Amino acid sequence: MFSLDGRRVWVAGHRGMVGSAICRRLESESCDLLTVPRSTLDLTRQADVETWVDAQKPDAIFIAAATVGGILANDTRPAEFIYDNLAIQNSIIEAARKAGVKKLLFLGSSCIYPKFAAQPMREDALLTGELEPTNQWYAIAKIAGIRLCQAYRRQYGCDFISAMPTNLYGPGDNFDLASSHVIPALMSKAHSAKVGKMEFMDVWGTGKARREFMYVDDIADAAIHLMKHYSGEDFVNIGTGADVTIAEIARQICDVVGFNGGLRFDNSKPDGTPQKLLDVGRLTKAGWAAQTELGAGLEATYAWYLNSGKAEAA
Ligand code: GFB
């Protein structure tokens with residue numbers, strides 16, 4: 001429906017884990033890739049974003065730029081999570097409309113759904129219940145982004161679409177324990193525990209929360225697929241269709257890293273949403289399915305971590 005051939009394509013957030021994966025995947029498309037460093041353009045500045053977009057004239061935009069983080073970062077930095085994300089998406093979406101951008105994909109998150117939504121979560125569960133308190137700030141910004149795309153489609157006829165990925169991981173992830181998501185956090189902890197010959201490693205919460213994990217190259221492929229083949233007001237979940245408990249993912253990570261000690265669950269830390277598993281019916285109908293097995297994705301992520309210079313030396 002929308003060919004990328006010969007198009008000017010801007011990936012906003014190209015230094016992040018998702019944005020950089022979209023850039024890698026776009027190398028196999030015949031398009032001109034546009035990126036701009038943060039030092040040149042602050043995406044929260046409406047006027048500056050409008051000037052840059054008007055000068056560069058992209059045909060298509062992927063919004064992968066966002067302030068993101070794990071459960072602790074969301075809970076302790078609520079102002080940044082709501083303000084930055086609202087400002088970034090407002091600036092880019094309005095600039096895109098003014099410059100006549102032909103297609104735009106906004107990326108959200110599975111935390112937009114109510115804390116106790118029926119599983120797997122269908123797109124029509126949006127706004128049917130209370131959000132998870134730890135990440136409501138981020139969720140509200142992402143819900144506003146969905147509505148923004150829908151409103152621009154209705155009022156201005158813009159072909160702006162939204163997709164809601166599940167929990168993501170992979171090369172380029174953030175391994176800082178204060179701000180990271182669970183997979184890089186546990187990989188870093190298991191690695192340090194192995195190097196330090198420790199008996200246990202700490203896992204936050206009860207270990208009973210369930211999460212669905214997708215490898216970052218899969219989300220990049222899904223985003224490009226939707227950009228090319230999907231158009232509509234309804235947003236689309238992007239998931240694998242399978243979830244695991246935090247205890248299970250912790251054990252799997254220990255196996256990949258080669259840490260043979262035990263797990264110690266820290267109940268003073270929050271579990272967050274008890275389960276997050278997306279219904280992928282709409283995505284399947286759009287003709288896409290995830291390819292990367294969790295085990296292979298974890299191996300690739302650990303190999304990247306070891307080569308990144310961030311891992312503690314043995
Ligand atoms: O990945 P995570 O921070 O994000 O945590 P959420 C997932 C689960 O792993 C929670 C547990 O139940 C955590 O308590 N966990 C165990 C840990 N050990 C650790 C650890 O060392 N570090 C971390 N970070 N978690 C985020 C949202 O929620 O998911 C965001 O806050 C966003 O807004 C993102 O939606 C995808 O899945 O709980």
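Cut-offs used in this document
Residues numbered from 1 in each chain as written. Predicted model: local features only at pLDDT ≥ 70, side-chain atom pairs only at ≥ 80, totals over all residues. Heavy atoms only, no water. Helix = DSSP H or I, 4+ residues; strand = E, 2+ residues; numbered from the N terminus. Contact = heavy atoms within 4.5 Å. Pairing = 2+ DSSP bridges. Axes fitted to C-alpha atoms, helices over the stretch in contact; angles between N-to-C directions. Near = heavy atom within 4 Å. Polar contact = N/O pair within 3.5 Å; in protein donor to acceptor, adjacent residues only side chain to side chain. Areas by Shrake-Rupley, 256 points an atom, 1.4 Å probe, with all protein chains shown as cover. Nonpolar A, V, L, I, M, F, W, Y, C, P; charged D, E, K, R; others polar. Core = buried A, V, L, I, M, F, W, Y, C linked by side-chain atoms within 4.5 Å. Buried < 20%, exposed > 50% of the residue type's maximum accessible area, 1.4 Å probe, protein only. Left-handed = near helix turned anticlockwise from the far one by under 90°. Arc of directions from axis to C-beta.

Student: So what's going on with the environment of L34? Which residues, and what values?
Tutor: Assignment of secondary structure puts L34 in strand β2 (residues 32-34). Separated by 22 residues in the primary sequence, L34 and Q56 have C-alpha atoms spaced 8.2 Å apart. Discounting residues that sit within four places of it in the chain, L34 has contacts with R8, V9, W10, V11, W52, Q56 and P58.

Student: Report on the sheet that holds strand β4 (residues 103-107), specifying residues and quantitative values.
Tutor: Ordered by their spatial adjacency, six strands build an open sheet running β2-β1-β3-β4-β5-β10, and the pairing between neighbours is parallel. Among the strands making up the open sheet, the edge pair consists of β2 and β10 (236-238). This sheet shows a mean twist of 20° between the axes of neighbouring strands, independent of strand direction. The strands that helix α7 (residues 216-229) touches are β3 (60-63), β4, β5 (160-165) and β10; relative to β4, the one it contacts most, it runs at about 145°.

Student: An account of unusual backbone geometry is needed here, citing residue identities and associated values.
Tutor: Cis geometry is found at the peptide bond from Q119 to P120, where omega equals -10°. The residue P120 is located in the loop between β4 and α5 (136-156) in this model. One non-glycine residue, K57, lies in the positive phi region at around 50°. Among the secondary structure elements, K57 is positioned in the loop between α2 (46-56) and β3. One non-glycine residue, L127, lies in the positive phi region at around 60°. Residue placement: L127 occurs in the loop between β4 and α5.

Student: So what's going on with the site of the ligand? Residues and values would help.
Tutor: Contacts to the ligand come from 23 residues, most closely from V182, K189, R211, P270 and D271. For the ligand, an oxygen atom lies 2.9 Å from a polar atom in the side chain of K276. Taking 700 Å² as the accessible area of the ligand by itself, protein coverage stands at 97%. Of all the secondary-structure elements, those providing two or more residues to the shell around the ligand are α3 (71-76), α6 (182-195) and β7 (200-204). Ranked by residues supplied to the shell around the ligand, first place goes to α6 with four residues. Across the shell around the ligand, the residue classes tally to 11 nonpolar, eight polar and four charged.

Student: Please provide a residue-by-residue account of the nonpolar core, values included.
Tutor: One broad trend across soluble globular proteins is that nonpolar side chains are buried collectively. The biggest cluster of nonpolar side chains holds 42 residues, and the ones touching the most others in it are W10, L43, I92, L104 and Y113. Every element with two or more residues in this core is listed here: β1 (8-12), α2, β3, α4 (78-99), β4, α5 and β5. Tallying contributions element by element places α5 first for this core, with seven residues. Non-local contacts of L104, meaning those with residues more than four positions away in its chain, are made with I61, I63, I92, I93, A96, C149, D159, F160, I161 and M227. Residues L4, I219, V236 and W288 belong to the second largest nonpolar core, which totals 34 residues.

Student: Report on the packing of helix α1 (residues 17-26) against α7, specifying residues and quantitative values.
Tutor: The interhelical angle for the contact between α1 and α7, taken along N-to-C directions, is 65°, at an axis separation of 8 Å. As α1 packs across α7, the resulting crossing turns out to be right-handed. Within the contact between the two elements, α1 uses M17, V18, A21, I22, R24, R25 and L26 and α7 uses V216, D217, I219, A220, D221, A223 and I224.

Student: Would you mind going over the sheet that holds strand β13 (residues 275-276) in detail, with residue names and values included?
Tutor: Across a sheet, strands are paired by hydrogen bonds formed along the backbone, either parallel or antiparallel in direction. The three strands lie next to each other as β11-β8-β13, forming an open sheet whose pairing is mixed. Of all the strands in the sheet, just β11 (244-245) and β13 have a single pairing partner and so form its edges. The sheet contact formed by strand β8 (residues 210-211) and β11 spans two bridges and is antiparallel. Bridging from a neighbouring strand, R210 pairs with T245 of β11.

Student: Quick rundown of α2? Include the residues and the values.
Tutor: Every buried residue belonging to α2 is among V49, W52 and V53, and all of these are buried. Each buried residue of α2 sits inside an arc of 95° when the element is viewed along its axis, so together they form one side. Exposed and oriented more than 90 degrees from the buried face of α2 are T51 and A55. On its buried side, α2 packs onto β1, β2 and α4. One or two positions beyond α2, positive phi appears at K57, with a value near 50°.

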